[in-house]
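Descriptive analysis of the structure
If you want the building blocks of each chain, they are given just below.
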4 protein chains.
Amino acid sequence: MQPPRLPTADDIQRFIASSFPEREGGPGVIVEHATPERVRVRLPSRPEYLRPGQSVSGPAQMALADTVAWVHILASLGLEGAASVTSQLNINFLSRPAAVDLIGEGVLLKLGKSLAVTEVRLYSDGHPTPVAFATVTYAVRRHT
Amino acid sequence: MQPPRLPTADDIQRFIASSFPEREGGPGVIVEHATPERVRVRLPSRPEYLRPGQSVSGPAQMALADTVAWVHILASLGLEGAASVTSQLNINFLSRPAAVDLIGEGVLLKLGKSLAVTEVRLYSDGHPTPVAFATVTYAVRRHT
Amino acid sequence: MQPPRLPTADDIQRFIASSFPEREGGPGVIVEHATPERVRVRLPSRPEYLRPGQSVSGPAQMALADTVAWVHILASLGLEGAASVTSQLNINFLSRPAAVDLIGEGVLLKLGKSLAVTEVRLYSDGHPTPVAFATVTYAVRRHT
Amino acid sequence: MQPPRLPTADDIQRFIASSFPEREGGPGVIVEHATPERVRVRLPSRPEYLRPGQSVSGPAQMALADTVAWVHILASLGLEGAASVTSQLNINFLSRPAAVDLIGEGVLLKLGKSLAVTEVRLYSDGHPTPVAFATVTYAVRRHT
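This text gives an overview of the structure that appears in the document.

1. Regarding the pairing of strand S1 (residues 30-34) of chain B
Residues and elements named next belong to chain B. Pairing analysis gives 4 bridges linking S1 to strand S2 (residues 38-43), with the strands arranged antiparallel. Residue pairing in the sheet places Ile30 in a bridge with Arg42 of S2. Hairpin connection of S1 to S2: 3 residues between the antiparallel strands.

Okay, here's the thing in structure tokens:
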């Protein structure tokens, strides 16, 4: 029996679009890269993510970190892993993001039968040093 | 010299309303209780916080935990503590929230010169056991 | 069929003594209270746990927090839960402990089929405010 | 004025030996590499660090992660940073270590005026995948 084909970044992008219809128009996250080894997701700069002083808000950063880890599970297990749920998230905010797109890059630390742990770095687009660093644990659930 | 009067829950509610104008109409969080000892903040149920399956999303839970800790600093230091920024947040998701208002209750673990640590429990309104548990560290900054 | 009798603090103390023979003589931890609701464990003051300046070291604090969570699983599931392993630990160090016994108090936040989450407060014996605060997640494993 | 010469791995090793005299004989940690960019510390395999089943204990892993972060501060600030104290530590245990030396590798995520954040990976010596992953925050204190 063949293992299921793993979804591409485009497959995951389409899956997100169909699962989480944007209520207020405009783009949500963009899945730029998605393999079992590495994931890269972009959060386009939007006024509602900004804090006074023109920086991306902490909650928007946490939401992106959580999304990166979830995309990583899809890229590693296939779309049937979509029912997995976050069980724990730890984030260190390192410096103030610029008012530009926020980039989240994930590396899978562990993919076990019941738990997946992903390390996520967040960057302001075009800047070399991370603005935040997170570890995210998902309880893995497979649709069958 | 008198110490500054600490703000009430109503003071903080007005301060939030003036600092973070809602872009899309409708209510944001409601500060129900705010003293140096204890804080209680309500996130009214809104369609955009819900996940498929009718549960409050993880990012909405994290945003509320972060807000509870920030309100706690205002309640303890006064509104001049509003420039404090989150330096670290750890959250354990314990069970699936119901599709009702989410309640965040905070207890201050430490209020130092440079760091404040708050323990936050999140509940589905009317339910006795917490759906999530967070510890939130703020770097304390005072406007002068 | 009867549910298994849950172990008492004394049962757990004896189990620890037989499972982890002290190599260098002298007392290890003392289980003072152990029910499914609440656990209290004492780490007696010993020279090797002290840091210069006469304070209990960070690693000794982390070891106690981890032990409190494990004792909580034994108190809740019975001794057959002893093979459970720590999957994640988060600790905030709040203030410098005194050079006295360290007390760890645990409250179970979640006891699921696969994960148990415990909140742990550490105190210097006889002092009212916690010196550290931890959340500890165990992957639950039952001997059969 | 010249900036102070930063200490080498050997300097730090000697400083540890003089600051924390081993009480029970035998080697403690070995600082194998220490620059502002990267730190590598070895915890030699010793019977008292082992758990039943011949694995390095969780507390020994946490102690090594904490030490790696502290060595990183010395390597970055000089020995006058030795009074810095851990303010927060988060660790995910990924897989069971082998009963061999444990290796800790650190990368500095942030070195601010008041906080330093280090990412630490722990490996069983000779094995390619990490057994644990930690982020450690220190409150920076400089002797003057």
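Read on, since the account is not over.
2. Notes on the sheet that holds strand S5 (residues 85-93) of chain C
Read from one edge of the open sheet, 12 strands run S1(C)-S2(C)-S6(C)-S7(C)-S8(C)-S5(C)-S5(D)-S8(D)-S7(D)-S6(D)-S2(D)-S1(D), paired in antiparallel fashion. Across the chains shown, the open sheet's two edge strands, defined by having one partner strand only, are strand S1 (30-34) of chain C together with strand S1 (30-34) of chain D. Across this sheet, the average inter-strand angle for adjacent strands is 20°, counted without regard to direction. As paired strands, strand S7 (residues 115-124) of chain C and strand S8 (residues 132-139) of chain C are joined by 8 bridges and run antiparallel to one another. Looking at the pairing, Leu115 of chain C lines up with Ala139 of chain C of S8 of chain C. Against the sheet, helix H2 (residues 58-77) of chain D engages S5 of chain C together with S1, strand S2 (39-43), strand S5 (85-93), strand S6 (102-111), strand S7 (115-124) and strand S8 (132-139) of chain D, with an angle of about 50° to S6 of chain D.

3. Points about the environment of Ala75 of chain A
Residue and element names in this part refer to chain A. Positionally, Ala75 belongs in helix H2 (residues 58-77). For the pair Ala75 and Ala9, spaced 66 residues apart in sequence, the C-alpha to C-alpha distance is 7.8 Å. Aside from chain neighbours lying at most four places away, what touches Ala75 is Leu6, Ile12, Ala34, Thr35, Pro36 and Val39.

4. Concerning the interface of chain C and chain A
Taken together, the 4 residues of chain C in the interface contact 4 residues of chain A. In total, chain C and chain A occlude about 300 Å² of area from one another, counting both sides; carbon and sulfur atoms represent 60% of this. A per-residue breakdown of the area chain C buries against chain A is headed by Gln88, Asn90 and Leu115 of chain C, which together make up 79% of the total. Taken together, chain C and chain A are joined by 0 salt bridges. Across the contact surface, chain C and chain A share 0 residue pairs in polar contact (both at pLDDT 80 or more). Among the elements that make up the side of chain C that touches chain A, the one with the highest residue count is S5 of chain C (3 residues). Residue composition of the side of chain C that touches chain A, grouped by class: 1 nonpolar, 3 polar and no charged.

The rules behind these values
- Residues numbered from 1 in each chain as written.
- Chains lettered and ligands numbered in written order.
- Predicted model: local features only at pLDDT ≥ 70, side-chain atom pairs only at ≥ 80, totals over all residues.
- Heavy atoms only, no water.
- Pairing = 2+ DSSP bridges.
- Helix = DSSP H or I, 4+ residues; strand = E, 2+ residues; numbered from the N terminus.
- Axes fitted to C-alpha atoms, helices over the stretch in contact; angles between N-to-C directions.
- Contact = heavy atoms within 4.5 Å.
- Buried area = accessible area lost by both parts, 1.4 Å probe.
- Salt bridge = Lys/Arg side-chain N within 4 Å of Asp/Glu carboxyl O.
- Polar contact = N/O pair within 3.5 Å; in protein donor to acceptor, adjacent residues only side chain to side chain.
- Nonpolar A, V, L, I, M, F, W, Y, C, P; charged D, E, K, R; others polar.

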